Amino acid sequence: MLSVENLRVVYHDVISVLNGISLSVRQGEVLIIIGANGAGKTTLLRSVAGMIDFYDGDIIEGDIKVGDSSIKGLGPTDIMRRCGLTYVMEDRPVFWYLTIEENLGAAAFSRWDREVRKDMEKVLTYFPPLKSLRHKKAGYASGGEQQMLAIAMALMTKPRILLLDEPSLGLAPLVTEEVFGIIKRLNQSGISVVLVEQNAHAALEIGTRGYVMELGRIVLEGKAEELASNKDVREFYLGSGEKSRRSYRDARRYKRRKRWL
């Protein structure tokens, strides 16, 4: 459904961030991308969504395709309209001075149909907290409610592929659980999801397949359950590795022992 082929991206003409990334997203799956800060996960999503130019970045090699059609070089609005691909950024991009209902209406600006009001009611069924607060200004909503609103706004574009960047960032555990439950429901409704997430444990629980990124490269891939049981993934991203390490001196050797197969 979506493929990235040997993608290389630089910032400011000199800073290499993605170094030959290749991956694929299949119809109806939740694809998980995990990795440490600075691995290039957000840059990957920006590139796919056509937003890399806004951050002084350039795709210098490779291609991005939806089906058989290349979308490299298209802007985010064209990508959204032509391919049904929508990107939810990590900083909860909502209009604070508008009500929740007005935010949903603004998110549908690119649509040409008259079903906006009907779809708004449908979208709100996924987010009961928003339905009861629909006339409240988004700036007064909690962090969890704003994250739900950001996802709800993306749904107003009728996406076939949804890119989510760190949806659990800064949220309490119970709210995180609720947000991930919503993502799972959206996927079950037919939306393919690409989820970049630091909370690897929660992400792999709802994921179909996954990739591990380091320093702008894919170092490991597999089914979600395979990654969750992988010794290196458990040790470095799930916090359930060896219990024998007790001193800082041992921790300094920790990185050297990592071997991706």
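Residues numbered from 1 in each chain as written. Predicted model: local features only at pLDDT ≥ 70, side-chain atom pairs only at ≥ 80, totals over all residues. Heavy atoms only, no water.

Chemist: Would you mind showing me how to read the sheet that holds strand β2 (residues 15-25) here?
Modeler: Backbone hydrogen bonds are what pair the strands of a sheet, in a parallel or an antiparallel way. Taken in spatial order, the four strands line up as β2-β1-β4-β5 in an open sheet, and their pairing is antiparallel. The open sheet is flanked by β2 and β5 (69-70), the only strands paired with a single partner. Pairing between strand β1 (residues 2-11) and strand β4 (residues 57-66): eight bridges, direction antiparallel. Looking at β4, one finds that V10 is bridged to D58. Along the sheet face, helix α1 (residues 41-48) touches β1, β2 and β4 and points at about 115° away from the line of β1. (Pairing = 2+ DSSP bridges. Helix = DSSP H or I, 4+ residues; strand = E, 2+ residues; numbered from the N terminus. Contact = heavy atoms within 4.5 Å. Axes fitted to C-alpha atoms, helices over the stretch in contact; angles between N-to-C directions.)

Chemist: What is the right way to read the side chain of R92 from this model?
Modeler: Mapped onto the elements of the fold, R92 is located in the loop between β6 (85-88) and α3 (100-107). In this structure, R92 is buried with no salt-bridge partner, the nearest side chain bearing the opposite charge being D91 at 8.3 Å. If near-sequence neighbours (up to four positions away) are discounted, R92 is found in contact with G143, Q146, Q147, A150, L169, G170 and L171. (Buried < 20%, exposed > 50% of the residue type's maximum accessible area, 1.4 Å probe, protein only. Lys, Arg positive; Asp, Glu negative; His and termini not counted. Salt bridge = Lys/Arg side-chain N within 4 Å of Asp/Glu carboxyl O.)

Chemist: What is the right way to read the sheet that holds strand β7 (residues 161-165) from this model?
Modeler: Taken together, six strands build an open sheet; the order of strands is β6-β7-β8-β3-β9-β10 and the sheet is mixed. At either end of the open sheet lies a strand with only one pairing partner, and these are β6 and β10 (217-223). Averaged over all neighbouring strand pairs, the angle between strand axes comes to 15°, with direction disregarded. Relative to strand β8 (residues 192-196), strand β3 (residues 30-35) runs parallel, the two being bridged by four bridges. Bridge pairing links L31 to V194 in β8. Strands in contact with α1 are β3, β6, β7, β8 and β9 (209-214); relative to β7, the strand with the most contacts, it is inclined by about 150°. The sheet contacts of helix α7 (residues 173-188) involve β3, β7 and β8, and relative to β8 the element is tilted by about 150°.

Chemist: So what exactly am I meant to see when it comes to the pattern of salt bridges here?
Modeler: Charged atoms that come close allow side chains of opposite charge to pair. Under the criterion given, the structure shown has six salt bridges. Residue E61 is joined to R8 by a salt bridge in which the shortest nitrogen-to-oxygen separation is 3.6 Å. Highlighted residues: E61 in strand β4 and R8 in strand β1, separated in sequence by 53 residues. A residue is classified by how much of its surface remains accessible, and R8, at 31% relative accessible area, is partly exposed. Notably, a salt bridge pairs R209 with E29, separated by 2.8 Å at the nearest N-O pair. On the criterion of sequence distance, the pair formed by R209 in strand β9 and E29 in the loop between β2 and β3 is long-range, its members being 180 residues apart. Grouping residues by exposure puts R209 and E29 together as buried. Beyond isolated ion pairs, a larger network of salt bridges with shared partners links E101, R117, E121 and R134.

Chemist: Honestly, the packing of α3 against helix α6 (residues 143-155) in this entry has me stumped. Any pointers?
Modeler: Packed helix pairs are characterised by how far apart their axes lie and by the angle those axes make with each other. One way to put it is that α3 packs onto α6 with a least axis distance of 8 Å and a crossing angle of 35°. Once α3 is placed against α6, the crossing between them reads as right-handed. Together, I100, N103, L104 and A107 of α3 and L149, A152 and M153 of α6 make up the contact between the two elements. Partitioning the contact of α3 with α6 into residue classes produces six nonpolar, one polar and no charged. (Left-handed = near helix turned anticlockwise from the far one by under 90°. Nonpolar A, V, L, I, M, F, W, Y, C, P; charged D, E, K, R; others polar.)

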